[in-house]
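Structural description and commentary
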Amino acid sequence: MTRTASTASPPAPAAGTGPTGKQPTRHRARPGASWRDRPMRKLTPWLFLLAPLALLITFTYVPVGNMIYYSFTDWDGISPDRNYVGADNYTEIFTRPELFRVFAVSFYYLAASVVQIVIALYFAAVLSFDLRFRNLFKGILFFPYLINGVAIGFVFLYFFQDGGTLDSVLSWFGVGTDHAWLGTPESANTSMAGVSVWRFTGLNFVLFLGAIQSIPGELYEAAQLDGAGRWKQFRHIIVPSIRPVLSLSVILAISGSLSVFEIPYIMTGGATETSTFVIQTVKFAFQFNKTGLASACAVVLLAIILVITWIQRRLVPDEKVDLV
């Protein structure tokens, strides 16, 4: 009896597989893909920036450009005629020393800015630690900054007037005074500088508090393990960490002291030697109808602020502090 060897053929590969039994690689087009995808990806960020750039150009750069143009004309702000006068407006500004004497008033507000930075830094450092009712105190400190400047001017106008709120409060403690708080240059400027401290301390407080809260908590824990108290933590951890914010606050203080307007304009109208450079510029434009000269004053003030800011950035450059 003989056995017949069966020659069975190898099994055929499954449908859709290659000779090795593996699924072949297929290059499928991505659904919706087209030649427009790559250019659109590059264009998308600019589409998002289109609206803010349009607003910035319309309400910032275009008015500044018009202001520079008006500064070379004799425009009165009403007439459609704008005669080109060259640098006559700038010549008049720099040949009249009394126009720059008003910057002496800015020193009152600059001193007030130093006070408000110190107060804001103190409260930001204290309230950054775990204290009771700290959220309440945060709201109390920041609330004055939310009030409109014109409303603040009217409130403190009645506060400092003869027989007003301040005199009434002092009379409760037996302090009688017939002093006119807004009647002399020294007391008027000092009083209004104090109002600016009350109003703008909250802004610096929020800036400092945000910077302090961004400091890693491990640094405080390590300092406590080394026996460092609150003062040493403030000196060696907090101050170096918020140095860029401190520099920003100084820039805002200098520019703000040079461009004070709302509070002295509402409370005194620039009388009793309380006029600032901005009040003087507004009077040129709207009281004496010298819009060209007022525009030149605004350009000069802008140049002064930019130069002072540049000098400060050169003298005290920002340094990245890595405490971790």
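If you're wondering where the values come from, they're calculated on a predicted model, not measured in any experiment.

Moving on, we get to the overall build of the protein. Each helix and strand counted, the protein has 14 helices and zero strands in total. Across the protein, helices and strands are ordered from the amino to the carboxyl terminus as α-α-α-α-α-α-α-α-α-α-α-α-α-α. In the protein, buried positions account for 32% of the 324 residues. Residue pairs in contact within the protein that sit at least 24 positions apart in sequence constitute 65% of those at least 6 positions apart. For the protein, the accessible area works out to roughly 21300 Å², and carbon and sulfur atoms hold 65% of it.

On inspection of all chains with the given rule, the structure shows 17 aromatic pairs. Seen from their ring centres, F142 and Y145 are 5.9 Å apart, and the 45° between their planes marks the pair as tilted. Taken together, the positions of F142 and Y145, both in helix α5 (residues 134–146) and three residues apart, correspond to about one turn of that helix. Judged by its relative accessible area of 25%, F142 is partly exposed. Pairing F261 with Y265 gives two aromatic rings, centres 4.9 Å apart and planes at 25°, and the pair type is stacked. Taken together through their ring pairs, the aromatic side chains of F94, F100, F103 and F277 make up a single cluster. Stacked on the ring of W75, the Lys or Arg R82 has its end atom at 4.5 Å from the ring centre.

What follows deals with the side chain of S128. Secondary-structure assignment places S128 in the loop between α4 (103–127) and α5. Only 2.6 Å separates the side chain of S128 from the backbone oxygen of A125, close enough to count as a polar contact. Residues in contact with S128, not counting those within four places in the same chain, are R134, L209 and I212.

Let's shift gears to a nonpolar patch on the surface. There is a patch of nonpolar side chains on the surface, built from M40, L43, W46, L47, L49, L53, L56, I57, Y61 and V62 and spanning about 940 Å² of accessible area. Looking at the secondary structure, you find W46 in helix α1 (residues 37–70). Given a relative accessible area of 55%, W46 falls into the exposed group.

At a minimum axis distance of 7 Å, the contact between helix α13 (residues 277–286) and helix α14 (residues 291–315) shows a crossing angle of 160°. Here α14 runs roughly antiparallel to α13, going by the angle between their axes. Crossing hand, α13 versus α14: left-handed. On α14, the residues touching F277, V278, T281, F284 and A285 of α13 are T291, L293, A294, C297, A298 and L301. Residue composition of the contact of α13 with α14, grouped by class: nine nonpolar, two polar and no charged.

Another aspect to go through is the packing of helix α9 (residues 217–225) against helix α10 (residues 230–241). Relative orientation of the contacting elements α9 and α10 amounts to 135°, with a least axis distance of 11 Å. By the angle between their directions, the pair α9 and α10 is classed as oblique. Judged by the twist between their axes, the crossing of α9 over α10 is right-handed. Residue-level contacts link L219, Y220, A223 and Q224 of α9 to R230, Q233, I237 and I238 of α10.

As a further point, take the confidence of the model for the protein. The predicted model of the protein has a mean per-residue pLDDT of 84, with 85% of residues at 70 or higher. In this model, residues 1–9 is a region of pLDDT below 50 whose contacts with residues beyond four sequence positions or in other chains number zero contacts.

With respect to the helices and strands, Q312 occurs in helix α14. The class for Q312 is buried, based on a relative accessible area of 12%. Those residues in contact with Q312 that sit more than four places away from it in its chain are S247, V250, I251 and I254.

Our focus in this paragraph is α14. In this model, α14 (25 residues) spans 36 Å end to end at C-alpha, consistent with the 36 Å of a helix rising 1.5 Å per residue. By the burial criterion, the buried members of α14 are T291, G292, L293, A294, S295, A296, C297, V299, V300, L301, I305 and Q312.

The biggest cluster of nonpolar side chains holds 23 residues, and the ones touching the most others in it are F205, F208, I212, Y220, I238 and I242. Looking at this core, the elements that each hand over two or more residues are α4, α8 (185–213), α9, α10 and α11 (243–258). For this core, the element with the highest residue contribution is α4, accounting for six residues. Other than its neighbours up to four places away in sequence, I212 contacts A124, A125, S128, Y220, I238 and I242.

Definitions and cut-offs
Residues numbered from 1 in each chain as written. Predicted model: local features only at pLDDT ≥ 70, side-chain atom pairs only at ≥ 80, totals over all residues. Heavy atoms only, no water. Helix = DSSP H or I, 4+ residues; strand = E, 2+ residues; numbered from the N terminus. Buried < 20%, exposed > 50% of the residue type's maximum accessible area, 1.4 Å probe, protein only. Contact = heavy atoms within 4.5 Å. Areas by Shrake-Rupley, 256 points an atom, 1.4 Å probe, with all protein chains shown as cover. Phe/Tyr/Trp six-rings, centres within 6.5 Å; stacked < 30°, edge-to-face > 60°. Lys NZ or Arg CZ within 6 Å of the ring centre and 35° of its normal. Polar contact = N/O pair within 3.5 Å; in protein donor to acceptor, adjacent residues only side chain to side chain. Patch = residues over 30% accessible without salt bridge, like charges linked within 9 Å, V, L, I, M, F, W, Y side chains within 5 Å. Salt bridge = Lys/Arg side-chain N within 4 Å of Asp/Glu carboxyl O. Axes fitted to C-alpha atoms, helices over the stretch in contact; angles between N-to-C directions. Parallel < 35°, antiparallel > 145°, perpendicular 65-115°, else oblique. Left-handed = near helix turned anticlockwise from the far one by under 90°. Nonpolar A, V, L, I, M, F, W, Y, C, P; charged D, E, K, R; others polar. pLDDT = per-residue confidence, 0-100. Expected span 1.5 Å × (residues − 1). Core = buried A, V, L, I, M, F, W, Y, C linked by side-chain atoms within 4.5 Å.

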